[in-house]
Amino acid sequence: MAYQALYRKYRPKTFSDVKGQDHIVTTLTNQIRADRIGHAYLFCGTRGTGKTTIAKIFAKAVNCENPGPQGPCGECEMCRAIESQTSMNVVEIDAASNNRVDDIRQVIEEVQYSPAQGRFKVYIIDEVHMLSTSAFNALLKTLEEPPAYLVFILATTEVHKIPITILSRCQRYDFKRIGVDTIADRLRELLDEEKVDAEDRALTYIARQADGALRDGLSLLEQCISFYFGQELTYEKVLKILGAVDQSTYHKCMEALVHSRVEGVIEVISEVVEQGKDLTQFVNEFVWYLRNLLVVKTAEDTSHLIDLSQEQMAELKSYAGQVEDAMLFRYIRILSELSNEMRYASNKRVLLEVAMIKLCRPQMEQDIESLLNRMRNLEQMNEDLQLALESGELTAAMPSETAGNQEPIPKKEIRPEAVPDDVRDVVANWKQILNRVSAVSRTMLEDVRLSVSDEGALILAFSQMTTAQFYQKEENQAELIEAAAQLIGKDIRLDIRYVEERRQLNTLPELRNIIKDTKIEILD
């Protein structure tokens, strides 16, 4: 016999085999027992939750010669014919490929003939939301006044696309996402039958990745079994095959975020990319990690809310103490928005790096969460400074040495005509040049001061070490130089400087204020 995928091999054949949809199974079972069969049903819910499976079981049950408490007997002639797909009583239609009005008219012509065997003729229309407007209109009259032997079961993942005129003529059943424990238990049952050993942690992780869809869980499980055929399925092996990231990576990323180290989060992203992991999955898993941090901080008993080992829980609690609730809310909000954007993005890495930089630099946003984040960063800086003073690493300035009594450093004066032509052209077209570089580079250049050196080079002066280090790398300088050359037709020399003290930074003339009104001819 040809090999069958797990989700097909173990597809439920009776209502008792269905997992996680007890509210629907009970209702349909009672209808069969009381002989109160409706003429139109609408099964709606996310993928892999059992819509088509229950539709097939129900179609067998209403035609079964000896239906029992669990639905069809599976042994009578009608059950065997429907199971082997040779019965004319059950017709499955894929509305994604049969969505024209002519397809529905053909169905309407067929339903005029009563079944030769059995009581009901059941039409299962999958992905019914794909039908055209005219096809829905053609179906409407039959749904309104169907023959007594006819049952329609419409299945869809997007119920909002179904016309209200169709909805009002159907019994609607909403399929719930199946719980992680339910999926994990079902996976364990199947592995016992397949004689495959697996750790409980591995199955729980697969169940969580299934996102409420048992079919997805079975597909992921089959992928892992195939890769490690004949071996025990461990948690580490599942992480490797599914492209997931180890917990320590999220700890490392969180550590960098808490201390606002842009280079730290960029390094984490680089490691994830080098390992071949999926960036969208990384973001979704990191959001879940932040959720766990929030639960640890706000809930008293978290043993039943977070599925982690004792060591991992202890490590999670240590990180939870380093971050405020408002910061976690902000992180989760930004990354959740990012997850939606990354679905259709061509360059996911750039989007992720920009979002991480935004998390490290709350001054880029003006909402209350970002302001609280900035206050927390200032408090952390104050604590670090106090510790440095107490340990003797820094010496407190005497009153005579305070900033208020220091002699101001004279600001260097420069006239527009003294600025070299290439530097003047770059500064005059600075905004247009920024439009030609990557989003990460634009972010790094937000707080730069543009000046000119005695040697005629364009000075990029930064008040933050992170941004200065970013542009000290040759590949990042090359991007800016190339963008400028494309626009003005000249190569420029750069002088990257990190100026820690604000008063020293102010001594450098800001060229954008000096030559902002200069008009030059731009090369295409």
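The structure presented is a predicted model; accordingly, all values stated were derived computationally and were not measured. (Residues numbered from 1 in each chain as written. Predicted model: local features only at pLDDT ≥ 70, side-chain atom pairs only at ≥ 80, totals over all residues. Heavy atoms only, no water.)

A. Inspection of the overall build of the protein chain at higher detail. Looking only at helices and strands, the protein chain features 25 helices and eight strands. Across the 524 residues of the protein chain, 47% fall into the buried class. Contacts in the protein chain between residues far apart in sequence, at least 24 positions, make up 74% of those at least 6 positions apart. Carbon and sulfur atoms form 48% of the exposed surface of the protein chain, whose accessible area is close to 27,800 Å². (Helix = DSSP H or I, 4+ residues; strand = E, 2+ residues; numbered from the N terminus. Buried < 20%, exposed > 50% of the residue type's maximum accessible area, 1.4 Å probe, protein only. Contact = heavy atoms within 4.5 Å. Areas by Shrake-Rupley, 256 points an atom, 1.4 Å probe, with all protein chains shown as cover.)

B. The arrangement of the confidence of the model for the protein chain in detail. Summing up the model confidence of the protein chain, the mean pLDDT is 82 and the portion of residues at 70 or higher is 85%. Counting interchain partners and residues more than four positions distant, the pLDDT-below-50 stretch residues 395–406 has six contacts. Segment residues 517–524 is flagged for pLDDT under 50; beyond a separation of four residues in sequence, or across chains, it makes 12 contacts in the model. (pLDDT = per-residue confidence, 0-100.)

C. Representation of the state of the cysteines within the structure. In total, this model carries zero disulfides according to the counting rule given. Of all cysteine sulfurs, the one in C73 lies closest to C64, which takes part in no disulfide; the gap is 3.4 Å. With no disulfide partner, C76 has as its closest neighbouring cysteine sulfur the one in C79, 3.4 Å distant. We classify C76 as buried; its relative accessible area is 6%. (Disulfide = S-S within 2.5 Å.)

D. Expanded view of the side chain of Q477. Within the secondary structure layout, Q477 lies in helix 23 (residues 474–488). Of the residues examined, Q477 reaches a relative accessible area of 18% and is grouped as buried. In terms of polar contacts, Q477 uses its side chain to reach the backbone carbonyl oxygen of Y471, at 2.9 Å. With near-sequence residues (within four places) excluded, Q477 lies in contact with Y471, Q472, L494 and I496. (Polar contact = N/O pair within 3.5 Å; in protein donor to acceptor, adjacent residues only side chain to side chain.)

E. Spotlight on the packing of helix 12 (residues 247–258) against helix 13 (residues 262–274). Between helix 12 and helix 13, the shortest axis-to-axis distance is 8 Å and the interhelical angle comes to 155 degrees. Classed by the angle they form, the pair helix 12 and helix 13 counts as roughly antiparallel. Regarding helix 12 and helix 13, the two cross each other, and that crossing is left-handed. Seen from helix 12, the contacting residues are T249, K252, C253, A256 and L257; seen from helix 13, they are G264, V265, V268, E271 and V272. (Axes fitted to C-alpha atoms, helices over the stretch in contact; angles between N-to-C directions. Parallel < 35°, antiparallel > 145°, perpendicular 65-115°, else oblique. Left-handed = near helix turned anticlockwise from the far one by under 90°.)

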